[in-house]
Amino acid sequence: MIDTQALRAEQLKRAGEVIRHDDFLQDPPAFIAGADVGFEQEGAVTRAAIAILRYPSLELVEYQIARISTTMPYIPGFLSFREYPALIAAWEQLQQKPDLIFVDGHGISHPRRLGVASHFGLLVNVPTIGVAKKRLCGKFSPLDATVGSLAALEDKGEQLGWVWRSKERCNPLFIATGHRVSTNSALAWVQRCMAGYRLPEPTRWADAIASRRPAFVRWLQQHPEVS
């Protein structure tokens, strides 16, 4: 049986360790990673994909995929404990470690301020940004339909991040500090890494790799030495 009280206590402790100001390894970063986690075999296997992009060209230069046995069941509010082991496994396979990581998930925009982007960022001690597709907590003013529409995501009098419409006719992104990145810099870096899609290039590539989408299949055909 999972001791959620112990997990909650660990979340609160680690949330207090998150650095919410800019503390970059290299500024600007030379390499930016995107990280994506999914589940296979009806949840029995956790799959993590990490894509490494060169900045500012945003070209894919390395990717790693790790598949491990899922270590705990899905419990709302504790997803990072279920996801981070596979992220660490993929991280350990990387030849080129990044200077900044975009994680498909929440950073401090979490009820106890420790989403997977913050949890993973703390474990590897690298500047990290959460780029989530859905709200987990907090409130924001309605966005208009125009690209670039922006609102603060707030909870209990605290700004947790930004809600930003990155593409027309698409739902907005929820962007937040993960670790060692300020709220404003998190938004700025996501905006710098856009290329006309809903998702920024680092997490778009991580998703493409994890799901073997056509863009990744084409990339493999062009780079047979890594397939």
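Residues numbered from 1 in each chain as written. Predicted model: local features only at pLDDT ≥ 70, side-chain atom pairs only at ≥ 80, totals over all residues. Heavy atoms only, no water.

Under an unreviewed UniProt entry, the name given to the protein chain is Endonuclease V, and the source organism is Serratia fonticola. Regarding the protein chain, the relevant UniProt record gives this comment under Cofactor (unreviewed entry): "Mg(2+)". The Function (unreviewed entry) field of the UniProt record for the protein chain holds the comment "DNA repair enzyme involved in the repair of deaminated bases. Selectively cleaves double-stranded DNA at the second phosphodiester bond 3' to a deoxyinosine leaving behind the intact lesion on the nicked DNA." (UniProt positions renumbered as here; feature names shortened; annotations may be inferred.)

Novice: Now, about the sheet that holds strand S1 (residues 31-40): what can you tell me, with residues and values included?
Specialist: An order of S3-S2-S1-S4-S5-S8-S7-S6 is seen for the 8 strands of this open sheet, with the pairing classed as mixed. In the strand order of this sheet, the two ends are held by strand S3 (59-69) and strand S6 (150-155), each with one partner. Within this sheet the neighbouring strands show an average axis-to-axis angle of 25°, counted without direction. Pairing geometry for strand S5 (residues 128-132) and strand S8 (residues 173-179), over 5 bridges, is antiparallel. Note that in S8 the partner of Val131 across the bridge is Ile175. Against the sheet, helix H2 (residues 79-93) engages S1, strand S2 (45-54), S3 and strand S4 (100-103), with an angle of about 130° to S3. (Pairing = 2+ DSSP bridges. Helix = DSSP H or I, 4+ residues; strand = E, 2+ residues; numbered from the N terminus. Axes fitted to C-alpha atoms, helices over the stretch in contact; angles between N-to-C directions. Contact = heavy atoms within 4.5 Å.)

Novice: So what about the pattern of salt bridges? Which residues, and what values?
Specialist: What the rule picks out here adds up to 13 salt bridges. The residue Asp155 makes a salt bridge to Arg113 at a minimum N-O spacing of 3.0 Å. Here Arg113 lies in the loop between S4 and helix H3 (116-124) and Asp155 lies in strand S6, a separation of 42 residues in the sequence. You can call Asp155 buried: its relative accessible area is 16%. (Salt bridge = Lys/Arg side-chain N within 4 Å of Asp/Glu carboxyl O. Buried < 20%, exposed > 50% of the residue type's maximum accessible area, 1.4 Å probe, protein only.)

Novice: Give me the lowdown on H2, citing residues and values where you can.
Specialist: In a regular helix each residue adds 1.5 Å, so 15 residues correspond to 21 Å; H2 covers 23 Å between its end C-alpha atoms and thus fits that length. Roughly 25° is the biggest bend found in H2, and it falls at Pro85. Those residues of H2 lying buried are Ser80, Phe81, Arg82, Glu83, Pro85, Ala86, Leu87, Ala89, Ala90 and Trp91. For H2, the secondary structure elements touched by its buried residues are helix H1 (4-15), S1, S2, S3, S4 and H3. (Expected span 1.5 Å × (residues − 1). Bend = angle between axes of the 7 residues up to and from the residue.)

Novice: Please set out the pairing of S3 residue by residue, giving values where relevant.
Specialist: The pairing of S2 with S3 spans 10 bridges and is classified as antiparallel. Considered in S3, the bridge of Ala51 is made with Tyr63. The loop that links S2 with its antiparallel partner S3 comprises 4 residues; one of these, Leu58, has a positive phi angle of about 60°.

Novice: Lay out the packing of aromatic side chains in plain terms, naming residues and giving numbers.
Specialist: Inspection of the entire model under this criterion finds 7 aromatic pairs. Aromatic side chains Tyr63 and Phe216 sit 4.9 Å apart centroid to centroid with 85° between the ring planes, which places their arrangement in the edge-to-face category. Of the two residues, Tyr63 sits in strand S3 while Phe216 sits in helix H6 (residues 214-222), which places them 153 residues apart along the sequence. Judged by its relative accessible area of 1%, Phe216 falls in the buried class. Both rings, one in Trp91 and one in Phe120, keep their centres 5.9 Å apart while their planes meet at 85°; by these two values the pair is edge-to-face. Here the residue Trp91 occupies a position in helix H2, and Phe120 occupies one in helix H3, the gap between them amounting to 29 residues. Assigned by exposure class, Trp91 and Phe120 land together as buried. Aromatic ring contacts, followed pair by pair, group Phe24, Tyr55 and Trp189 into a single cluster. The residue whose ring lies beneath Arg192 is Trp189, and the NZ or CZ to ring-centre distance is 4.3 Å. Over the ring of Trp205 we find Arg204, and its NZ or CZ is 5.7 Å from the ring centre. (Phe/Tyr/Trp six-rings, centres within 6.5 Å; stacked < 30°, edge-to-face > 60°. Lys NZ or Arg CZ within 6 Å of the ring centre and 35° of its normal.)

Novice: How would you sum up the UniProt feature "binding site: Mg(2+)" (unreviewed entry) in the protein chain? Please name residues and give values.
Specialist: What UniProt calls "binding site: Mg(2+)" (unreviewed entry) maps, in this numbering, to Asp36 and Asp104. Taken along the chain, the residues just named run across 69 residues; in space they keep tight, none of their C-alpha pairs more than 5.3 Å apart. When the annotated set is filtered for residues lining the largest pocket, what remains is Asp36 and Asp104. Following the sequence through the fold, Asp36 ends up in strand S1. We classify Asp36 as buried; its relative accessible area is 6%. (1 Å grid on protein atoms, 1.4 Å probe; cavity = no way out; pocket = protein on both sides within 12 Å on 5 of 7 lines; lining within 4 Å.)

Novice: Report on H1, specifying residues and quantitative values.
Specialist: When the terminal C-alpha atoms of H1 are compared, their 16 Å separation across 12 residues agrees well with the 16 Å that a helix rising 1.5 Å per residue should span. Taken together, the buried positions of H1 are Leu7, Gln11 and Ala15. What you see down the axis of H1 is that its buried residues fit within an arc of 70°, all on one side. Counted as exposed and oriented over 90 degrees from the buried face of H1: Gln5, Leu12 and Lys13. For H1, the secondary structure elements touched by its buried residues are H2. (Arc of directions from axis to C-beta.)

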